[in-house]
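Descriptive analysis of the structure
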Amino acid sequence: KERIGVLTSGGDAPGMNAAIRAVVRSCVYYGITPFGIAQGYEGLINNDIFQMDAGSVKHIIHQGGTILKSARSLEFKTEEGMQKAWKNVQEHGLDGLVVIGGDGTFKGAMEFGEKFSFPIIGIPGTIDNDIYGTDFTVGFDTAVNTVVEAVDKIRDTATSHNRLFFIEVMGRDAGFIAMYSGIGAGAEEVLIPEKDRDVERLYESLEQTSQRKKSSRLVIVAEGDKNGSVYDLEREVKQRFGDRYETKVTILGHVQRGGRPSCTDRVLASRLGVTSVEALRDGKGGFMVGVRNRKIRFTDFDNATKRNPEMDQELMRVADIISI
Ligand code: F6P
(Lines give C-alpha, C1' and ligand atoms only; values in the text may rest on other atoms or scores of the structure.)
Protein backbone atom coordinates (compact mmCIF):
# COMPACT_ATOMS: atom_id res chain seq x y z
CA LYS A 1 0.00 0.00 0.00
CA GLU A 2 1.23 3.47 -0.84
CA ARG A 3 -1.61 5.89 -0.20
CA ILE A 4 -4.21 5.38 2.56
CA GLY A 5 -7.17 7.65 3.33
CA VAL A 6 -8.84 8.12 6.70
CA LEU A 7 -12.25 9.57 7.56
CA THR A 8 -14.66 9.88 10.50
CA SER A 9 -18.36 9.44 9.86
CA GLY A 10 -21.68 9.41 11.76
CA GLY A 11 -22.01 10.83 15.28
CA ASP A 12 -18.66 12.00 16.61
CA ALA A 13 -17.15 10.33 19.67
CA PRO A 14 -14.34 11.28 22.07
CA GLY A 15 -11.22 9.40 21.03
CA MET A 16 -11.78 9.73 17.29
CA ASN A 17 -8.83 12.13 17.16
CA ALA A 18 -6.61 9.58 18.88
CA ALA A 19 -7.64 7.05 16.22
CA ILE A 20 -6.91 9.47 13.35
CA ARG A 21 -3.53 10.21 14.90
CA ALA A 22 -2.66 6.53 15.17
CA VAL A 23 -3.70 5.87 11.56
CA VAL A 24 -1.66 8.80 10.23
CA ARG A 25 1.40 8.03 12.34
CA SER A 26 1.31 4.32 11.42
CA CYS A 27 1.19 5.24 7.75
CA VAL A 28 4.25 7.46 8.16
CA TYR A 29 6.00 4.71 10.14
CA TYR A 30 5.45 2.22 7.31
CA GLY A 31 6.34 4.66 4.52
CA ILE A 32 2.74 5.10 3.35
CA THR A 33 1.36 8.55 2.45
CA PRO A 34 -1.72 9.34 4.59
CA PHE A 35 -4.68 11.34 3.30
CA GLY A 36 -7.38 12.98 5.40
CA ILE A 37 -10.95 13.11 4.10
CA ALA A 38 -13.20 15.84 5.54
CA GLN A 39 -16.76 15.25 6.79
CA GLY A 40 -16.91 11.53 6.29
CA TYR A 41 -18.25 10.22 3.01
CA GLU A 42 -19.30 13.76 2.05
CA GLY A 43 -15.61 14.59 1.64
CA LEU A 44 -15.10 11.62 -0.66
CA ILE A 45 -18.01 12.80 -2.82
CA ASN A 46 -16.94 16.47 -2.81
CA ASN A 47 -13.25 15.70 -3.28
CA ASP A 48 -12.29 17.23 0.06
CA ILE A 49 -9.20 15.03 0.33
CA PHE A 50 -5.79 16.27 1.46
CA GLN A 51 -2.37 14.90 2.26
CA MET A 52 -1.39 14.63 5.92
CA ASP A 53 1.85 13.97 7.78
CA ALA A 54 2.97 13.15 11.31
CA GLY A 55 2.81 16.86 12.23
CA SER A 56 -0.82 17.29 11.12
CA VAL A 57 -1.96 15.14 14.04
CA LYS A 58 0.20 16.66 16.77
CA HIS A 59 -1.49 17.63 20.04
CA ILE A 60 -4.87 16.16 19.19
CA ILE A 61 -4.83 12.97 21.26
CA HIS A 62 -6.46 14.79 24.19
CA GLN A 63 -9.11 16.64 22.20
CA GLY A 64 -12.75 15.58 21.87
CA GLY A 65 -14.61 15.73 18.54
CA THR A 66 -12.83 14.99 15.29
CA ILE A 67 -10.38 17.27 13.44
CA LEU A 68 -11.57 15.68 10.18
CA LYS A 69 -15.18 16.62 11.00
CA SER A 70 -18.04 14.21 10.56
CA ALA A 71 -21.36 13.87 8.76
CA ARG A 72 -24.17 11.41 8.12
CA SER A 73 -24.09 11.37 4.31
CA LEU A 74 -27.33 10.62 2.47
CA GLU A 75 -25.77 11.08 -0.95
CA PHE A 76 -23.27 8.28 -0.33
CA LYS A 77 -26.23 5.89 -0.22
CA THR A 78 -27.05 6.69 -3.86
CA GLU A 79 -25.45 5.21 -6.99
CA GLU A 80 -24.46 8.69 -8.16
CA GLY A 81 -22.81 9.53 -4.82
CA MET A 82 -20.83 6.29 -4.83
CA GLN A 83 -19.62 6.87 -8.38
CA LYS A 84 -18.48 10.41 -7.54
CA ALA A 85 -16.64 9.11 -4.49
CA TRP A 86 -14.96 6.34 -6.52
CA LYS A 87 -13.79 8.85 -9.14
CA ASN A 88 -12.12 10.93 -6.40
CA VAL A 89 -10.56 7.89 -4.75
CA GLN A 90 -8.96 7.00 -8.09
CA GLU A 91 -7.92 10.58 -8.79
CA HIS A 92 -5.92 10.63 -5.55
CA GLY A 93 -4.55 7.16 -6.18
CA LEU A 94 -5.80 5.88 -2.81
CA ASP A 95 -5.29 2.15 -2.42
CA GLY A 96 -6.92 1.68 0.97
CA LEU A 97 -9.23 3.45 3.39
CA VAL A 98 -9.79 3.50 7.15
CA VAL A 99 -13.28 4.55 8.27
CA ILE A 100 -13.98 5.47 11.88
CA GLY A 101 -17.64 5.39 12.94
CA GLY A 102 -20.64 3.27 13.81
CA ASP A 103 -22.98 0.89 12.00
CA GLY A 104 -24.09 3.38 9.31
CA THR A 105 -20.45 4.03 8.51
CA PHE A 106 -19.71 0.30 8.21
CA LYS A 107 -22.76 -0.35 6.02
CA GLY A 108 -21.52 2.32 3.61
CA ALA A 109 -17.99 0.89 3.73
CA MET A 110 -19.24 -2.61 2.99
CA GLU A 111 -21.23 -1.51 -0.05
CA PHE A 112 -18.51 0.73 -1.44
CA GLY A 113 -15.75 -1.81 -0.82
CA GLU A 114 -17.64 -4.64 -2.50
CA LYS A 115 -18.82 -2.54 -5.43
CA PHE A 116 -15.34 -1.37 -6.43
CA SER A 117 -13.24 -4.18 -4.88
CA PHE A 118 -11.60 -1.57 -2.71
CA PRO A 119 -10.04 -2.48 0.65
CA ILE A 120 -11.57 -0.71 3.66
CA ILE A 121 -10.95 -1.32 7.36
CA GLY A 122 -13.35 0.03 10.01
CA ILE A 123 -12.65 1.29 13.52
CA PRO A 124 -15.68 1.30 15.88
CA GLY A 125 -16.13 4.90 17.02
CA THR A 126 -19.46 5.67 18.69
CA ILE A 127 -20.50 6.52 22.22
CA ASP A 128 -23.34 3.96 22.01
CA ASN A 129 -21.17 0.80 22.17
CA ASP A 130 -23.70 -0.91 19.90
CA ILE A 131 -21.28 -2.71 17.57
CA TYR A 132 -20.82 -6.46 17.46
CA GLY A 133 -17.23 -7.76 17.49
CA THR A 134 -15.66 -5.48 20.06
CA ASP A 135 -16.10 -5.29 23.81
CA PHE A 136 -16.01 -1.51 23.67
CA THR A 137 -16.24 1.17 21.00
CA VAL A 138 -14.06 4.27 21.01
CA GLY A 139 -15.91 7.02 22.92
CA PHE A 140 -18.07 4.84 25.15
CA ASP A 141 -15.82 5.01 28.21
CA THR A 142 -15.57 8.80 28.05
CA ALA A 143 -19.31 9.17 27.53
CA VAL A 144 -20.28 7.02 30.50
CA ASN A 145 -17.86 8.91 32.71
CA THR A 146 -19.41 12.19 31.57
CA VAL A 147 -22.85 10.79 32.40
CA VAL A 148 -21.79 9.55 35.84
CA GLU A 149 -20.28 12.92 36.69
CA ALA A 150 -23.53 14.65 35.75
CA VAL A 151 -25.74 12.12 37.54
CA ASP A 152 -23.66 12.43 40.74
CA LYS A 153 -24.48 16.13 40.71
CA ILE A 154 -28.16 15.44 40.17
CA ARG A 155 -28.02 13.04 43.13
CA ASP A 156 -26.91 15.89 45.41
CA THR A 157 -29.84 18.11 44.58
CA ALA A 158 -32.31 15.21 44.35
CA THR A 159 -31.40 14.15 47.88
CA SER A 160 -31.67 17.66 49.26
CA HIS A 161 -35.25 17.92 48.00
CA ASN A 162 -36.43 14.28 48.24
CA ARG A 163 -37.12 14.25 44.52
CA LEU A 164 -37.57 11.61 41.84
CA PHE A 165 -35.56 12.33 38.68
CA PHE A 166 -35.98 10.88 35.23
CA ILE A 167 -32.65 11.29 33.45
CA GLU A 168 -32.47 10.61 29.73
CA VAL A 169 -29.13 9.44 28.35
CA MET A 170 -28.14 8.77 24.72
CA GLY A 171 -28.46 5.45 22.93
CA ARG A 172 -30.91 5.35 20.06
CA ASP A 173 -31.06 1.58 19.84
CA ALA A 174 -28.93 0.42 22.74
CA GLY A 175 -28.95 0.63 26.51
CA PHE A 176 -25.23 0.35 27.19
CA ILE A 177 -24.74 3.96 28.26
CA ALA A 178 -27.82 3.74 30.50
CA MET A 179 -26.81 0.42 32.05
CA TYR A 180 -23.19 1.30 32.76
CA SER A 181 -23.92 4.77 34.08
CA GLY A 182 -26.90 3.44 36.04
CA ILE A 183 -24.74 0.93 37.86
CA GLY A 184 -21.89 3.43 38.25
CA ALA A 185 -24.04 6.23 39.62
CA GLY A 186 -26.17 3.96 41.80
CA ALA A 187 -29.44 4.70 40.00
CA GLU A 188 -32.56 3.17 41.52
CA GLU A 189 -33.86 2.08 38.10
CA VAL A 190 -32.51 1.79 34.57
CA LEU A 191 -34.85 1.62 31.58
CA ILE A 192 -33.33 0.25 28.37
CA PRO A 193 -34.64 -0.88 24.97
CA GLU A 194 -33.27 -4.41 25.47
CA LYS A 195 -35.49 -5.08 28.48
CA ASP A 196 -39.27 -5.46 28.30
CA ARG A 197 -40.79 -5.46 31.75
CA ASP A 198 -38.65 -2.77 33.35
CA VAL A 199 -41.34 -0.09 33.43
CA GLU A 200 -43.75 -2.27 35.42
CA ARG A 201 -40.93 -3.05 37.80
CA LEU A 202 -40.45 0.70 38.23
CA TYR A 203 -44.12 1.29 39.11
CA GLU A 204 -44.15 -1.68 41.49
CA SER A 205 -41.13 -0.41 43.33
CA LEU A 206 -42.50 3.15 43.45
CA GLU A 207 -45.67 1.70 44.94
CA GLN A 208 -43.70 -0.07 47.65
CA THR A 209 -41.27 2.67 48.55
CA SER A 210 -43.56 5.68 48.51
CA GLN A 211 -44.30 4.79 52.13
CA ARG A 212 -40.63 4.25 52.96
CA LYS A 213 -39.70 7.86 52.17
CA LYS A 214 -36.53 7.26 50.24
CA SER A 215 -34.67 10.52 50.14
CA SER A 216 -34.12 10.51 46.39
CA ARG A 217 -34.71 8.29 43.39
CA LEU A 218 -32.87 8.42 40.10
CA VAL A 219 -34.28 6.65 37.06
CA ILE A 220 -31.92 6.51 34.10
CA VAL A 221 -33.73 6.12 30.80
CA ALA A 222 -32.04 5.24 27.48
CA GLU A 223 -33.13 7.50 24.66
CA GLY A 224 -34.28 4.46 22.68
CA ASP A 225 -36.38 2.96 25.49
CA LYS A 226 -39.71 1.63 24.26
CA ASN A 227 -41.78 3.09 27.11
CA GLY A 228 -41.80 6.57 25.62
CA SER A 229 -39.91 9.72 26.48
CA VAL A 230 -38.87 10.82 29.93
CA TYR A 231 -41.74 13.32 29.83
CA ASP A 232 -44.25 10.51 29.12
CA LEU A 233 -42.87 8.57 32.07
CA GLU A 234 -43.08 11.59 34.35
CA ARG A 235 -46.70 12.16 33.32
CA GLU A 236 -47.56 8.52 33.99
CA VAL A 237 -45.98 8.64 37.46
CA LYS A 238 -47.89 11.82 38.28
CA GLN A 239 -51.13 10.15 37.24
CA ARG A 240 -50.48 6.98 39.21
CA PHE A 241 -48.96 8.43 42.34
CA GLY A 242 -50.24 11.99 42.52
CA ASP A 243 -48.15 14.06 44.92
CA ARG A 244 -46.52 11.07 46.61
CA TYR A 245 -43.47 11.81 44.43
CA GLU A 246 -42.09 15.15 43.38
CA THR A 247 -40.69 14.54 39.89
CA LYS A 248 -38.14 16.29 37.70
CA VAL A 249 -36.75 15.56 34.25
CA THR A 250 -33.21 16.05 32.93
CA ILE A 251 -32.09 15.28 29.37
CA LEU A 252 -28.31 15.14 29.22
CA GLY A 253 -28.16 15.38 25.41
CA HIS A 254 -25.05 16.23 23.42
CA VAL A 255 -22.90 17.01 26.44
CA GLN A 256 -22.36 13.23 26.32
CA ARG A 257 -20.67 13.43 22.94
CA GLY A 258 -17.95 15.94 23.80
CA GLY A 259 -15.04 16.35 26.16
CA ARG A 260 -11.49 15.09 26.61
CA PRO A 261 -11.29 11.40 25.86
CA SER A 262 -10.48 9.13 28.81
CA CYS A 263 -7.15 7.33 28.81
CA THR A 264 -8.98 4.06 28.15
CA ASP A 265 -10.50 5.51 24.96
CA ARG A 266 -7.16 6.96 23.85
CA VAL A 267 -5.39 3.62 24.28
CA LEU A 268 -8.18 1.69 22.53
CA ALA A 269 -8.20 4.18 19.63
CA SER A 270 -4.42 4.03 19.31
CA ARG A 271 -4.38 0.22 19.22
CA LEU A 272 -7.16 0.05 16.64
CA GLY A 273 -5.58 2.81 14.54
CA VAL A 274 -2.25 1.01 14.26
CA THR A 275 -3.94 -2.34 13.57
CA SER A 276 -6.14 -0.89 10.82
CA VAL A 277 -3.11 0.28 8.83
CA GLU A 278 -1.29 -2.99 9.40
CA ALA A 279 -4.38 -4.89 8.21
CA LEU A 280 -4.49 -2.89 4.97
CA ARG A 281 -0.76 -3.54 4.47
CA ASP A 282 -1.46 -7.26 4.90
CA GLY A 283 -4.01 -7.06 2.09
CA LYS A 284 -7.11 -7.23 4.30
CA GLY A 285 -10.32 -5.33 3.56
CA GLY A 286 -14.02 -5.52 4.47
CA PHE A 287 -13.39 -5.92 8.19
CA MET A 288 -13.83 -3.99 11.37
CA VAL A 289 -11.05 -4.20 13.90
CA GLY A 290 -12.03 -4.49 17.55
CA VAL A 291 -10.80 -5.71 20.91
CA ARG A 292 -12.35 -8.73 22.63
CA ASN A 293 -11.02 -10.10 25.87
CA ARG A 294 -8.05 -7.73 25.49
CA LYS A 295 -7.08 -9.22 22.12
CA ILE A 296 -7.37 -7.66 18.67
CA ARG A 297 -10.17 -9.28 16.68
CA PHE A 298 -11.46 -8.81 13.13
CA THR A 299 -15.17 -8.97 12.33
CA ASP A 300 -16.54 -8.64 8.80
CA PHE A 301 -18.71 -5.56 8.24
CA ASP A 302 -21.80 -7.68 7.72
CA ASN A 303 -21.60 -9.23 11.18
CA ALA A 304 -20.46 -6.03 12.90
CA THR A 305 -23.59 -4.22 11.72
CA LYS A 306 -26.25 -6.92 11.59
CA ARG A 307 -25.80 -8.70 14.83
CA ASN A 308 -27.06 -6.46 17.56
CA PRO A 309 -24.80 -6.94 20.57
CA GLU A 310 -26.80 -8.44 23.37
CA MET A 311 -27.06 -6.44 26.52
CA ASP A 312 -25.03 -8.36 29.03
CA GLN A 313 -27.40 -10.46 31.16
CA GLU A 314 -24.98 -10.36 34.04
CA LEU A 315 -25.00 -6.55 34.02
CA MET A 316 -28.79 -6.52 34.19
CA ARG A 317 -28.73 -8.92 37.10
CA VAL A 318 -26.17 -6.80 38.95
CA ALA A 319 -28.23 -3.66 38.37
CA ASP A 320 -31.38 -5.41 39.67
CA ILE A 321 -29.70 -6.75 42.79
CA ILE A 322 -27.96 -3.59 43.90
CA SER A 323 -30.79 -1.19 43.22
CA ILE A 324 -33.19 -2.56 45.88
O1 F6P B 1 -24.97 7.31 17.68
C2 F6P B 1 -24.57 8.25 18.61
C3 F6P B 1 -25.70 9.15 19.02
O4 F6P B 1 -25.20 10.07 19.96
C5 F6P B 1 -26.94 8.44 19.56
O6 F6P B 1 -26.81 8.04 20.91
C7 F6P B 1 -27.99 9.47 19.35
O8 F6P B 1 -29.26 8.87 19.25
C9 F6P B 1 -27.58 10.11 18.06
O10 F6P B 1 -26.19 9.87 17.92
C11 F6P B 1 -27.85 11.58 17.94
O12 F6P B 1 -27.49 12.00 16.67
P13 F6P B 1 -27.34 13.53 16.25
O14 F6P B 1 -26.13 14.09 16.90
O15 F6P B 1 -27.20 13.47 14.76
O16 F6P B 1 -28.58 14.22 16.71
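If you look the protein up in an unreviewed UniProt entry, it shows as ATP-dependent 6-phosphofructokinase from Fodinibius salsisoli. Database annotation for the protein, UniProt heading Subcellular location (unreviewed entry): "Cytoplasm".

**Details of the side chain of lysine 195**
For lysine 195, the position within the fold is in the loop between strand E7 (189-191) and helix H7 (198-209). You can call lysine 195 buried: its relative accessible area is 18%. At 3.2 Å, the side chain of lysine 195 and the side chain of aspartate 320 are in polar contact. If sequence neighbours within four positions are ignored, lysine 195 has contacts with Lys226, Met316 and Asp320.

**Structural notes on a positive patch on the surface**
Taken together, the side chains of Arg271, Arg292, Arg294, Lys295, Arg297 and Arg307 make up a positively charged region of the molecular surface. Tracing the sequence through the fold places arginine 307 in the loop between helix H10 (301-306) and helix H11 (313-322).

**Describing the environment of cysteine 27**
Here cysteine 27 is to be found in helix H1 (residues 16-29). Separated by 155 residues in the primary sequence, cysteine 27 and glycine 182 place their C-alpha atoms 40 Å from one another. Other than its neighbours up to four places away in sequence, cysteine 27 contacts Ile4, Ile32, Pro34 and Val277.

**Concerning the pattern of salt bridges**
In the structure shown here, the tally under the stated rule is 14 salt bridges. The partner of arginine 257 in a salt bridge is aspartate 12, and the shortest N-O contact between them spans 2.7 Å. Of the two residues, arginine 257 sits in the loop between strand E9 (246-251) and helix H9 (263-281) while aspartate 12 sits in the loop between strand E1 (3-8) and H1, which places them 245 residues apart along the sequence. Because the salt bridges share partners, they merge into one network encompassing Glu189, Lys195, Arg201 and Asp320.

Each value, and the rule that gives it
Residues numbered from 1 in each chain as written. Predicted model: local features only at pLDDT ≥ 70, side-chain atom pairs only at ≥ 80, totals over all residues. Heavy atoms only, no water. UniProt positions renumbered as here; feature names shortened; annotations may be inferred. Helix = DSSP H or I, 4+ residues; strand = E, 2+ residues; numbered from the N terminus. Buried < 20%, exposed > 50% of the residue type's maximum accessible area, 1.4 Å probe, protein only. Polar contact = N/O pair within 3.5 Å; in protein donor to acceptor, adjacent residues only side chain to side chain. Contact = heavy atoms within 4.5 Å. Patch = residues over 30% accessible without salt bridge, like charges linked within 9 Å, V, L, I, M, F, W, Y side chains within 5 Å. Areas by Shrake-Rupley, 256 points an atom, 1.4 Å probe, with all protein chains shown as cover. Salt bridge = Lys/Arg side-chain N within 4 Å of Asp/Glu carboxyl O. Lys, Arg positive; Asp, Glu negative; His and termini not counted. Charge placed at Lys NZ, Arg CZ, Asp CG, Glu CD.

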